[in-house]
Amino acid sequence: MNMMNYSFLYQQIVNGYSSLPLHLLPGYSLPPLQLFLEVTYNCNLSCDFCQFLQSSDSGSMPASANRFELSIGECHNIVEQAPPTAVISFTGGEPFVKAGFADLLGAASERNKTHIFTNGTRIGGKTAESLVDLGSRNLLTPGLILVGISLEGLADTHNRITGRPWAYAKTIEGLHSLAHYKASKNRKYPLIELKTVISENNVRELYAIYQVAKQCRVDIFNVMAMSMLPQASRTGRCAAGSYLEPPPPVKPVAPVILEEQLRRIQEDAARSEIQLRTTPQGFDFREIINHYHDKRRLAGYRCYYPWYGVGISAYGDLLICPYTVTGNVREHRIKTLLNNRRARIFRKHLQAARIFPGCWGCCMLVPRKPRLPR
């Protein structure tokens, strides 16, 4: 693999950036390096494992005045509050079903590095060309740096998991369109990442999905472990302090098949231009196999996310951890919510504990020492 290892570089940056407030300003964080903005929980697919399925099925949950999704104008206001050095990651739901999202992404990409998570069904043709036109010129300039696209299996499997008979064809069309315009315009960015969540439904197809990624000329293939973490802001069912309890185990998959599929992927990628990535980013393939058989080894991991990142839900809640909401951006500015009393207490607790039982499987887990994938 000849490409720069972006996951390893990212781990080094966030570990170094987080160490400053960890040691010099206990409980506080510096301005965020990454801001996740969930622009909507609505989606044109209905994936059977989606953590937001309840929210997207019922629309905006009117449990209180803040349970209505952010308007596109409010999303623009959030982008304007982000420091210019932050990477803004747009996610959902499906961002492209949000009216005005294309303009929001364009505005954000003029001042920040940006990143989107999408199912890829709405990015064919001219939309793909516009995404490539937003691409950053290099890692030091603003612009779209990464498009993460989900593919959960080959055609029949993917369509069954997503609940849509047309989903696979649309996603493949989007992948080909992005690769075509990148090549025709001679652009490196945005990088294209294909993401697959391992389940009993697709474990026998992982190597074949990886081959699809190669055929679609993606830059990164991301093998993702299924997360069972509760989502505090989205469902309202996460009790305070629940990070002290481990999340439930994922449904096991056949270990021999999983190990064989991952081995074939790793051997092929060693001779290919495609880069492998895992989620959680600190997991190697052996740890992914352990994860699907409830073998948890938290001692070798840390979480620095509350010191470098922030998430904002589609309802405006600000999270420094999936378990911890510090307030709502409709009531206070991001800068205030980042270091209020609730945020400081949580960071001090995490710093003392190093890691919580509830952290297992979180995508922000990193090894205590950054490591290159083997």
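Residues numbered from 1 in each chain as written. Predicted model: local features only at pLDDT ≥ 70, side-chain atom pairs only at ≥ 80, totals over all residues. Heavy atoms only, no water.

**Considerations on the overall build of the protein chain**
In step 1: Within the protein chain, the secondary structure is distributed over 14 helices and 12 strands.
In step 2: Within the protein chain, the proportion of its 374 residues that are buried is 57%.
In step 3: Put simply, 79% of the contacts in the protein chain that link residues at least 6 apart link residues at least 24 apart.
In step 4: For the protein chain, the accessible area works out to roughly 16,000 Å², and carbon and sulfur atoms hold 55% of it. (Helix = DSSP H or I, 4+ residues; strand = E, 2+ residues; numbered from the N terminus. Buried < 20%, exposed > 50% of the residue type's maximum accessible area, 1.4 Å probe, protein only. Contact = heavy atoms within 4.5 Å. Areas by Shrake-Rupley, 256 points an atom, 1.4 Å probe, with all protein chains shown as cover.)

**Here's the deal with the nonpolar core**
In step 1: Ranked by size, the top nonpolar core spans 96 residues in total, and within it Phe90 and Phe221 carry the most contacts.
In step 2: What Phe90 contacts, discounting residues up to four positions off in sequence, is Leu37, Val39, Val79, Pro95, Phe101, Leu104, Leu105, Ala108, Thr114, His115, Ile116 and Phe117.
In step 3: With 6 residues, the next largest nonpolar core counts Ile145, Leu146, Tyr189 and Ile220 among its residues. (Core = buried A, V, L, I, M, F, W, Y, C linked by side-chain atoms within 4.5 Å.)

**Focus: the environment of Asn202**
In step 1: Mapped onto the elements, Asn202 comes out in the loop between β5 (191-197) and α8 (206-215).
In step 2: A C-alpha to C-alpha distance of 9.4 Å links Asn202 and Ile161, two positions 41 residues apart in sequence.
In step 3: Not counting residues up to four positions away in its chain, the partners in contact with Asn202 are Glu152, Gly153, Thr157, Thr196, Val197 and Ile209.

**Digging into the pattern of salt bridges**
In step 1: Counted under the stated rule, the structure contains 15 salt bridges.
In step 2: Put simply, Lys185 and Asp133 hold a salt bridge, and the shortest N to O gap is 3.2 Å. Here the residue Lys185 occupies a position in helix α7 (residues 167-185), and Asp133 occupies one in helix α5 (residues 126-133), the gap between them amounting to 52 residues.
In step 3: Lys214 is paired through a salt bridge with Asp268; the nearest N and O atoms lie 2.8 Å apart. Linking Lys214 in helix α8 with Asp268 in helix α10 (residues 255-269), this pair joins segments that are 54 residues apart in sequence.
In step 4: One continuous salt-bridge network, built from bridges that share partners, spans Lys126, Glu129, Asp133 and Lys185. (Salt bridge = Lys/Arg side-chain N within 4 Å of Asp/Glu carboxyl O.)

**Side note on the packing of α5 against α7**
In step 1: Relative to each other, α5 and α7 sit at 50°, their axes nearing to 8 Å. When the axis of α5 is compared with that of α7, the two are oblique. Handedness of the α5/α7 crossing: right-handed. Where α5 abuts α7, its residues Ala128, Glu129, Leu131, Val132 and Asp133 lie against Ser177, Leu178, Tyr181, Lys182 and Lys185.
In step 2: By residue class, the composition of the contact of α5 with α7 is 5 nonpolar, 1 polar and 4 charged. (Axes fitted to C-alpha atoms, helices over the stretch in contact; angles between N-to-C directions. Parallel < 35°, antiparallel > 145°, perpendicular 65-115°, else oblique. Left-handed = near helix turned anticlockwise from the far one by under 90°. Nonpolar A, V, L, I, M, F, W, Y, C, P; charged D, E, K, R; others polar.)

**As for α7**
In step 1: In this model, α7 (19 residues) spans 27 Å end to end at C-alpha, consistent with the 27 Å of a helix rising 1.5 Å per residue.
In step 2: Within the span of α7, buried status applies to Ala167, Tyr168, Thr171, Ile172, Gly174, Leu175, Ser177, Leu178, Ala179, Tyr181 and Lys182.
In step 3: Buried-residue contacts for α7 involve α5, β4 (143-150), α6 (155-162), β5 and α8.
In step 4: Remark: Asn186 follows α7 within two positions and exhibits a positive phi of approximately 55°. (Expected span 1.5 Å × (residues − 1).)

**Looking at the side chain of His291**
In step 1: Examined against the element boundaries, His291 turns out to sit in helix α11 (residues 285-291).
In step 2: From its side chain, His291 meets the backbone oxygen of Met226 in a polar contact 2.9 Å long.
In step 3: Residues in contact with His291, not counting those within four places in the same chain, are Ala225, Met226, Val250, Phe283, Trp360 and Gly361. (Polar contact = N/O pair within 3.5 Å; in protein donor to acceptor, adjacent residues only side chain to side chain.)

**Some points on the sheet that holds strand β2 (residues 87-91)**
In step 1: Read from one edge to the other, the open sheet built from 10 strands follows the order β7-β6-β5-β4-β3-β2-β1-β9-β10-β11, with strand pairing classed as mixed. Two strands in the sheet have a free side with no partner beyond their single neighbour: β7 (275-279) and β11 (324-328). Across the sheet, the axes of successive neighbouring strands diverge by a mean angle of 25°, strand direction being ignored. (Pairing = 2+ DSSP bridges.)

**Quick word on the confidence of the model for the protein chain**
In step 1: Averaged over every residue, the pLDDT of the protein chain is 90; residues scoring 70 or more account for 90%.
In step 2: Within the model, the stretch residues 56-66 combines pLDDT values under 50 with 22 contacts to residues more than four positions away or in other chains.
In step 3: Predicted confidence for residues 237-241 stays below pLDDT 50, and this span has 4 contacts to residues more than four positions away or in other chains. (pLDDT = per-residue confidence, 0-100.)

**Thoughts on a nonpolar patch on the surface**
In step 1: A contiguous nonpolar surface patch, about 400 Å² in accessible area, is contributed by Leu20, Leu24, Leu25 and Tyr28.
In step 2: One can find Leu20 in helix α1 (residues 6-24). (Patch = residues over 30% accessible without salt bridge, like charges linked within 9 Å, V, L, I, M, F, W, Y side chains within 5 Å.)

**Quick word on the pairing of strand β6 (residues 220-224)**
In step 1: With 5 of 5 residues buried, β6 is to be regarded as a mostly interior element.
In step 2: Residues of β6 alternate between two faces, with Ile220, Asn222 and Met224 on one and Phe221 and Val223 on the opposite face, all of them buried.
In step 3: Pairing analysis gives 5 bridges linking β5 to β6, with the strands arranged parallel. Considered in β6, the bridge of Lys195 is made with Asn222.
In step 4: A crossover connection joins β5 to the parallel β6 through α8; in handedness this β-α-β unit is right-handed.
In step 5: In this structure, β6 lies alongside β7, joined through 5 bridges in parallel fashion. Bridging across to β7, Met224 finds its partner in Thr279. (Right-handed = clockwise from strand over helix to strand, strands pointing away.)

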